[in-house]
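Breakdown of the fold
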Amino acid sequence: MNKITVHCTVNHKPVSVEIEPNKRLLDMLRVNLGLTSVKEGCSEGECGACTVIYNGEPVTSCCILAGQAEGADIITLEGVSVDGKPDVVQQAFIESGAIQCGFCIPGMILTAEALLMKNPHPTMEQIKEAMSGNLCRCTGYKKIEEAVALAASRM
Amino acid sequence: MKRRGTGVGCMFYGIGNTGLPNPAAAFVEVLPDTSVNVIVGAADIGQGSSTMAAAVAAETLGLAIENIHVTWADTQVAPEGGATSASRQTFITGNAVKNACTQAMGELRRTAAEKLEVPEEDLVFRNREIYSSKDETKRMTYPELMGAMSYRGRLAVGAGYYNPKTTYLNPADMSGVPYEVYSYATCILEVEVDTDTGEVTLLKCVSAHDVGTPINPKMVEGQIEGGTAMGTGFVISEKIDVDPKTLAIKNPTLSKYIIGTNMDMPEIYPIAVSSEGEAGPFGAKGLGEPALIPSIPATMAAIGNALGVTFTKTPIFPADIVKAWKDKQAAENQG
Ligand code: FES
Ligand code: FES
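So, here is what we can say about the structure in this document.

Let us look at the overall build of chain A. Of the regular secondary structure elements, chain A holds five helices and five strands. Its C-alpha atoms give chain A a radius of gyration of 15 Å, within 12% of the compact-globule value 15 Å for 155 residues. For chain A, with 155 residues in total, the buried portion stands at 50%. When contacts within chain A are restricted to residue pairs at least 6 apart in sequence, long-range pairs at least 24 apart make up 55% of them.

Shown next as structure tokens:
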């Protein structure tokens, strides 16, 4: 298959990636760019594990073709930490004990980051609603929501 | 019509394999810089067995949890850990870590006793210091002790294992000792049921668990919260649909096999109940499966209580609820 070249910004750096046109953004990030924090859970837009911040919005990267990302600004978990240290949201997840197996956590943190970028002081209801597209099998969500609230209190 | 109901689920649960030997082992070495290598077979898939192993080692050795490095599950280097199942790793691997640390402390005790000129049995290892329980002015720091160990050419290494004290069960009548320790729990759950649509809203849940000593209290809470999410889902939304002819799973996607989102959760109040004197490391017991178990009968009973009927099967889907309510009304009208 003829490859296409996708130019976009990933984690604050411009990249250009040669990729088959039938590949998803998820594949481009994980396979071509080695950003394995982006998890593949359901492959059908149901679980949120593959969430990335795409032009400021949390989106499921399993549902976007790589070619659609031309010109996009994409942030994965690797682009969130500050000088290799956890940022305020990551730190809040650690302190709240919000992480068990961790598989849902990159998507959870990016969804929370996207929320707090737009609304630094959300109510608990707004937190719940923003996080409701991300499934977690381990935590029962309570500590995840507490972590987002803790991060918000420190913004 | 919306109706509210409350249900209670209680359980006791045996920790470890039933009536079978199921040992686990650990290797430990305290290094000259006071960092510690702990190697266990227990596979940590998020339940926190590695944090548990670090906490048990730190407490036994009198060091800080930051000093402990845990290598886990790699069968090329780790000793037998047995399965991460039966809610057994805190109890069994935890005891193995404690035993391995106790062995490694043999040379530490001998060396500290020589340096401080006190009997070995008087020594206390706590907060990175070693002192005599009889005369607390006789004390040294861990780095000093490790210096004395190096000077004498001694190494602090230990291997230990633990096998719960159970017996094989008599096949004739199943008598015997199936488990060494048991966890206990009670879950109380409140629901609102819409009798027209069969929809169940989970309102509030209090789940109290006797876990012995909670080694990592936050993780104990997290396990109870996660277990409640699974247990309630088991009753109201989750069903693996198997095609009886082909045995293929007909709903292998998250759009057809429904697990709860954060919006579906009740308010969850987890309670860790401490109890003392049992055989686990510092009295700790297992929580993995107990976290989930009592929320299942509690949810069933709560839905039943809301409608005034008794359900005997899971799952209870909206269609089951609408039918149960209609059947009840019909029976009442006849009677
Ligand atoms: S993998 Fe993309 S939503 Fe589940
Ligand atoms: S922590 Fe395991 S799926 Fe969320």
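This next bit is on a nonpolar patch on the surface. All names here are of chain B. Together, Val8, Ile188, Val206, Tyr269, Ile271 and Val273 make up an exposed nonpolar region whose accessible area comes to about 450 Å². The element that contributes the greatest number of residues to the nonpolar patch is strand β11 (residues 267–274), accounting for three residues. In this structure, isoleucine 188 sits in strand β9 (residues 182–194). Here isoleucine 188 falls in the partly exposed class, since its relative accessible area comes to 38%.

The next subject is the packing of helix α3 (residues 105–118) of chain A against helix α5 (residues 142–153) of chain A. All names here are of chain A. Their axes nearest at 11 Å, the elements α3 and α5 cross at an angle of 35°. The handedness of the crossing between α3 and α5 is right-handed. Here α3 contributes Ile105, Met108, Ala112, Leu115 and Leu116 to the contact with α5, which in turn contributes Ile144, Val148, Ala151 and Ala152.

A word on the pattern of salt bridges. Enumeration according to the criterion identifies 21 salt bridges over all chains in this entry. Measuring nitrogen to oxygen at the nearest pair gives 3.0 Å for the salt bridge that ties glutamate 145 of chain A to lysine 128 of chain A. Here the residue glutamate 145 of chain A occupies a position in helix α5, and lysine 128 of chain A occupies one in helix α4 (residues 124–131), the gap between them amounting to 17 residues. For glutamate 145 of chain A, a relative accessible area of 6% translates into the label buried. Among the residues examined, lysine 128 of chain A registers a relative accessible area of 24% and is labelled partly exposed. Between arginine 139 of chain B and glutamate 129 of chain B there is a salt bridge, with the nearest N and O atoms lying 2.9 Å from each other. Of the two residues, arginine 139 of chain B sits in strand β7 (residues 139–141) while glutamate 129 of chain B sits in strand β6 (residues 129–132), which places them 10 residues apart along the sequence.

About the criteria used
Residues numbered from 1 in each chain as written. Chains lettered and ligands numbered in written order. Predicted model: local features only at pLDDT ≥ 70, side-chain atom pairs only at ≥ 80, totals over all residues. Heavy atoms only, no water. Helix = DSSP H or I, 4+ residues; strand = E, 2+ residues; numbered from the N terminus. Rg over C-alpha atoms; globule rule 2.2 N^0.38 Å. Buried < 20%, exposed > 50% of the residue type's maximum accessible area, 1.4 Å probe, protein only. Contact = heavy atoms within 4.5 Å. Patch = residues over 30% accessible without salt bridge, like charges linked within 9 Å, V, L, I, M, F, W, Y side chains within 5 Å. Areas by Shrake-Rupley, 256 points an atom, 1.4 Å probe, with all protein chains shown as cover. Salt bridge = Lys/Arg side-chain N within 4 Å of Asp/Glu carboxyl O. Axes fitted to C-alpha atoms, helices over the stretch in contact; angles between N-to-C directions. Left-handed = near helix turned anticlockwise from the far one by under 90°.

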